[in-house]
Amino acid sequence: MNNPKILFPLALIGILCTYFFVFGEEKTLELIKKEYLYLLAIIPLAAIFIFFKIKLKNYELVDFNKNSNLSFKSIVMFFLIFQVVDYFSEGSFEGMISLWLLYWIMGIIALLLMENVNFYKNYKMIFKKA
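Residues numbered from 1 in each chain as written. Predicted model: local features only at pLDDT ≥ 70, side-chain atom pairs only at ≥ 80, totals over all residues. Heavy atoms only, no water.

**Some words on the overall build of the chain**
Point 1. Helices and strands together make up the secondary structure of the chain, namely 6 helices and 0 strands.
Point 2. From first element to last, N terminus to C terminus, the chain shows the α and β order α-α-α-α-α-α.
Point 3. In summary, the chain has a C-alpha radius of gyration of 18 Å against a globular reference of 14 Å for 130 residues, an excess of more than 25%.
Point 4. With 130 residues in all, the chain has 25% of them scored as buried.
Point 5. Long-range pairs, those at least 24 residues apart, make up 80% of the contacts in the chain with a sequence separation of at least 6.
Point 6. About 9400 Å² of surface is accessible on the chain, with carbon and sulfur atoms providing 69% of the total.
Point 7. Taken together, the 13 basic and 10 acidic charged side chains of the chain have centroids lying 18 Å from each other. (Helix = DSSP H or I, 4+ residues; strand = E, 2+ residues; numbered from the N terminus. Rg over C-alpha atoms; globule rule 2.2 N^0.38 Å. Buried < 20%, exposed > 50% of the residue type's maximum accessible area, 1.4 Å probe, protein only. Contact = heavy atoms within 4.5 Å. Areas by Shrake-Rupley, 256 points an atom, 1.4 Å probe, with all protein chains shown as cover. Lys, Arg positive; Asp, Glu negative; His and termini not counted. Charge placed at Lys NZ, Arg CZ, Asp CG, Glu CD.)

**Comments concerning helix 3 (residues 36–55)**
Because an α-helix packs 3.6 residues into every turn, residues spaced three or four apart end up facing the same way.
Point 1. Here helix 3 is 20 residues long and its end C-alpha atoms lie 29 Å apart, about the 28 Å a rise of 1.5 Å per residue gives.
Point 2. Of all the residues in helix 3, the buried ones are Ile42, Leu45 and Phe52. When helix 3 is viewed along its axis, its buried side chains cluster within an angular range of 90° and face the same direction. Opposite its buried face, helix 3 presents the exposed residues Ile43 and Ile54, each directed more than 90 degrees away. (Expected span 1.5 Å × (residues − 1). Arc of directions from axis to C-beta.)

**A closer look at the nonpolar core**
Point 1. By size, the foremost hydrophobic cluster in this structure holds 16 residues, and its most contacted members are Ile15, Tyr19, Ile42, Leu101, Trp104, Ile105 and Ile108.
Point 2. When contributions to this core are tallied by element, the ones reaching two or more residues are helix 1 (4–22), helix 3, helix 5 (93–97) and helix 6 (100–129).
Point 3. At 7 residues, the largest contribution of residues to this core is made by helix 6.
Point 4. Not counting residues up to four positions away in its chain, the partners in contact with Tyr19 are Gly24, Thr28, Leu31, Ile97, Ser98, Leu99, Trp100 and Leu101. (Core = buried A, V, L, I, M, F, W, Y, C linked by side-chain atoms within 4.5 Å.)

**Some details on the packing of aromatic side chains**
Point 1. Under the defined criterion, the tally for this structure stands at 13 aromatic pairs.
Point 2. Here the aromatic rings of Phe8 and Trp104 are separated by 6.3 Å at their centres, their planes lie at 70°, and the arrangement is edge-to-face. In this pair, Phe8 sits in helix 1 while Trp104 sits in helix 6, placing the two residues 96 residues apart along the sequence.
Point 3. Relative accessible area serves as the criterion here: at 15%, Trp104 is assigned to the buried category.
Point 4. Aromatic side chains Phe82 and Tyr103 sit 5.9 Å apart centroid to centroid with 40° between the ring planes, which places their arrangement in the tilted category. Linking Phe82 in helix 4 (residues 72–90) with Tyr103 in helix 6, this pair joins segments that are 21 residues apart in sequence.
Point 5. Here Phe82 falls in the partly exposed class, since its relative accessible area comes to 44%.
Point 6. Three or more aromatic residues link up through ring pairs in this structure, and these residues are Phe49, Phe51, Phe52, Tyr59, Phe119, Tyr120, Tyr123 and Phe127.
Point 7. In this arrangement the basic side chain of Lys27 is found over the ring face of Phe23, its NZ or CZ atom lying 5.9 Å from the centre. (Phe/Tyr/Trp six-rings, centres within 6.5 Å; stacked < 30°, edge-to-face > 60°. Lys NZ or Arg CZ within 6 Å of the ring centre and 35° of its normal.)

What follows is the structure, encoded as structure tokens:
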């Protein structure tokens, strides 16, 4: 159940549904536009990910990130701590939830970075032997 391929899209759907319900369409689109630079940062990371995925398709890969996996419980605790801090620093419930999209984007960026580093280490290891 802790598969990021399932959790990230479900989280995005939940965030967007909450935004539309709480803020309405105009404010939701404004919040999304406000994060455009972070969204653009995902494009080169995704391109690198796809490049390595295609290049290393037929090779057995070593998971260099296996010791760095956080448990789902730890992630939820971090999220709750950030929510309490955001509630007080942003001044309201609406200010707190307006940062959810930013957290989601940063999660995608972190996941892509970890995967790209893992692919790069495998790439170096495989093609150094050849």
